[in-house]
Amino acid sequence: MQDKLTLMTPGPTPVPEAVLKVMGCHPIGHRSREFEAIIQEISGQLRWLHQTSNDVLIITGSGTAAMEAAIVNTLKSKDRILCGDNGKFGERWVELARAYGLEVEVIRSPWGQPLDSEAFRVVLEADTEKLIKAVILTHSETSTGVINDLKSISKHVNSHGVALSIVDCVTSMGVVNVPIDVWGIDVVCSGSQKGYMMPPGLAFIAMSPRAWQYQENSTLPKFYFNLSFYRKTSIKNSSPFTPAINLYFALKEALTIMRQEGLESIFKRHDENSRAIQAAVKAMGLSLYACDGYRSPSVTAIQTIDFEAELLLSLMRNKLDILLANGQDHLKGRIFRIGHLGFVSNRDILTIVASMESVLHTIRPGKVVLGRGLAAAINELSSRTKD
Ligand SMILES: *Cc1c(COP(=O)(O)O)cnc(C)c1O
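Residues numbered from 1 in each chain as written. Predicted model: local features only at pLDDT ≥ 70, side-chain atom pairs only at ≥ 80, totals over all residues. Heavy atoms only, no water.

Where helix α8 (residues 209-217) is concerned, the buried positions are Ala211, Trp212, Tyr214 and Gln215. Around the axis of α8, the buried residues are gathered within 160° of arc, so they sit on the same side. For α8, the exposed residues lying more than 90 degrees away from the buried face are Pro209 and Glu216. On the buried face of α8, the contacting elements are β2 (55-60), β5 (132-138), β8 (164-168), β9 (187-191), β10 (202-207) and α9 (227-235). (Buried < 20%, exposed > 50% of the residue type's maximum accessible area, 1.4 Å probe, protein only. Helix = DSSP H or I, 4+ residues; strand = E, 2+ residues; numbered from the N terminus. Arc of directions from axis to C-beta. Contact = heavy atoms within 4.5 Å.)

Below is the structure:
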């Protein structure tokens, strides 16, 4: 049915009407007082969302723009870095770093498993000459639905004393607790189409004072992504180039909504929703791809066993107007993924579970007991509402 599409992908994510509406306003001059006031407000709210007093800068681009900016602004050609890789986005860090001529040592875990924080500790402790300049990883690995133990890994990086921590928090920012200052994370990347309840188009990068020291000495080529331009102008509530003005309107609105809900409530909602989906998936006789204890509250990956992922996805899309995501690379067809981050309520979870049950009833005849998944989701949600 037209105009009925519900996005349940791990980006792009649904956008509240209030956010969509302000995007329809006329653009205003980006050198105007009015726009400066918007930037000023946004800067404060971004620091609140990131739980940091560090600079949080905005780049026009998708999340990968922030990742690229993180690399080119902190490192030098041939610098040695340690990179965590347990999925598609970990791989992206490795490729990006190699594209800039960095010496990349990879700490790998199988897809579906978390990164081993002990492996980071061992390599970092062995580096007595302090040759490792950065430790780079993905917090919530969207391709597999795994959340890595960022707190422990950051602790090991801080004990090393020289290496910077650079983290892709694209599907953890605004979803799960990432206390940047408390954990001492140097560089944090995120993107608007994930937890921010916005359309794609803006990338965010938080930089610690130590990251700025590295920035001053970094020699990798950069111009549009040179963060020193962004820092200089942000002090004056401005931006170096023409910003995506209407997306800034959207950001201001989205951050206001998030602030009203409060960080604790946002984290709790994502936690509840993801647990309800997990309970429902198990009750429907399907298996979760990510290992127990490390399941991301933003995305759930489900194994397909005896049916075609494509069939499920197309029935969900064409009959029920719900868009889910396929697996990536070698997992295409072997898993499908449900995004439940950003503007997603308990009601959306009940809808998705009931819809999945109805589709599975069609494609796995005789193997689905109708109502079981939904009952599990309802029980999970109501047990959490009580406390
Ligand atoms: C979506 C996403 C990105 C950014 O991808 P873009 O398409 O550039 O926005 C990066 N890392 C993770 C973990 C993501 O989920």
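Of note, asparagine 326 is situated in strand β13 (residues 325-326). Here the side chain of asparagine 326 touches glycine 333 through a polar contact of 2.9 Å, landing on its backbone nitrogen. Excluding residues within four positions of it along the chain, asparagine 326 makes contact with Ala309, Glu310, Leu313, Leu331, Lys332, Gly333, Ile335, Phe336 and Arg337. (Polar contact = N/O pair within 3.5 Å; in protein donor to acceptor, adjacent residues only side chain to side chain.)

Turning to the UniProt feature "modified residue: N6-(pyridoxal phosphate)lysine" (unreviewed entry) in the protein chain, a few remarks are in order. Per the UniProt record, the feature "modified residue: N6-(pyridoxal phosphate)lysine" (unreviewed entry) sits at Lys194. Residue lysine 194 is classed as buried on the basis of its relative accessible area, which comes to 9%. Once you skip the residues sitting within four places of it in the chain, lysine 194 turns out to touch Pro10, Gly11, Thr13, Val170, Thr171, Leu341 and Gly342. A polar side-chain atom of lysine 194 sits 3.4 Å from the main-chain carbonyl oxygen of proline 10. (UniProt positions renumbered as here; feature names shortened; annotations may be inferred.)

This model, assessed by the stated rule, comprises 9 aromatic pairs. Between phenylalanine 223 and phenylalanine 229 the ring centres are 5.4 Å apart and the planes differ by 70°, which places this aromatic pair in the edge-to-face class. The class for phenylalanine 223 is exposed, based on a relative accessible area of 56%. For the pair tyrosine 224 and phenylalanine 241, a centre-to-centre distance of 4.9 Å together with 20° between the ring planes defines the contact as stacked. Here phenylalanine 241 lies in the loop between α9 and α10 (245-261) and tyrosine 224 lies in the loop between α8 and α9, a separation of 17 residues in the sequence. Of the aromatic side chains, those joined through ring pairs into one cluster are Phe223, Tyr224, Phe225, Phe229, Tyr230 and Phe241. Sitting above the plane of the tryptophan 212 ring, arginine 231 keeps its charged end 4.2 Å from the centroid. (Phe/Tyr/Trp six-rings, centres within 6.5 Å; stacked < 30°, edge-to-face > 60°. Lys NZ or Arg CZ within 6 Å of the ring centre and 35° of its normal.)

A few words now on the domain arrangement of the protein chain. Entries for the protein chain in the domain assignment read domain 1 (17-260) and domain 2 (262-386). Computed from C-alpha atoms alone, the centre-to-centre distance between domain 1 and domain 2 is 28 Å. Contact residues are listed per partner, giving 29 residues for domain 1 and 24 residues for domain 2. Approximately 2200 Å² of surface area, both sides summed, lies buried where domain 1 meets domain 2, with 65% of it carried by carbon and sulfur atoms. The largest per-residue losses of area from domain 1 upon contact with domain 2 belong to Trp111, Gly145 and Val175, which jointly make up 24% of the total buried on that side. Taken together, the links from domain 1 to domain 2 amount to 1 salt bridge. Across the pair lysine 88 and aspartate 329 runs a salt bridge whose closest N-O atoms are separated by 3.0 Å. The interface formed by domain 1 and domain 2 includes 11 residue pairs in polar contact (both at pLDDT 80 or more). Those elements giving two or more residues to the side of domain 1 that touches domain 2 turn out to be α2 (33-50), α4 (88-99), β7 (146-147) and α10. When the residues that make up the side of domain 1 that touches domain 2 are grouped by side-chain class, the tally is 11 nonpolar, 13 polar and 5 charged. (Domains from an automatic or database assignment. Buried area = accessible area lost by both parts, 1.4 Å probe. Salt bridge = Lys/Arg side-chain N within 4 Å of Asp/Glu carboxyl O. Nonpolar A, V, L, I, M, F, W, Y, C, P; charged D, E, K, R; others polar.)

A word on the sheet that holds β2. Strand order in this open sheet of 7 strands is β2-β10-β9-β8-β5-β3-β4, and the pairing throughout is mixed. Looking at strand neighbours, the two that pair on one side only are β2 and β4 (103-108), the edges of this open sheet. Pairwise comparison of adjacent strand axes, ignoring direction, gives a mean angle of 20° for this sheet. When strand β3 (residues 80-85) meets β5, the two strands line up parallel, connected through 4 bridges. Within β5, the position partnered with arginine 80 by the bridge is isoleucine 132. In the packing of α8 onto the sheet, contacts are made with β2, β5, β8, β9 and β10, and the angle to β10 comes to roughly 100°. Against the sheet, α9 touches β2 and β10, its axis set at about 115° to β2. (Pairing = 2+ DSSP bridges. Axes fitted to C-alpha atoms, helices over the stretch in contact; angles between N-to-C directions.)

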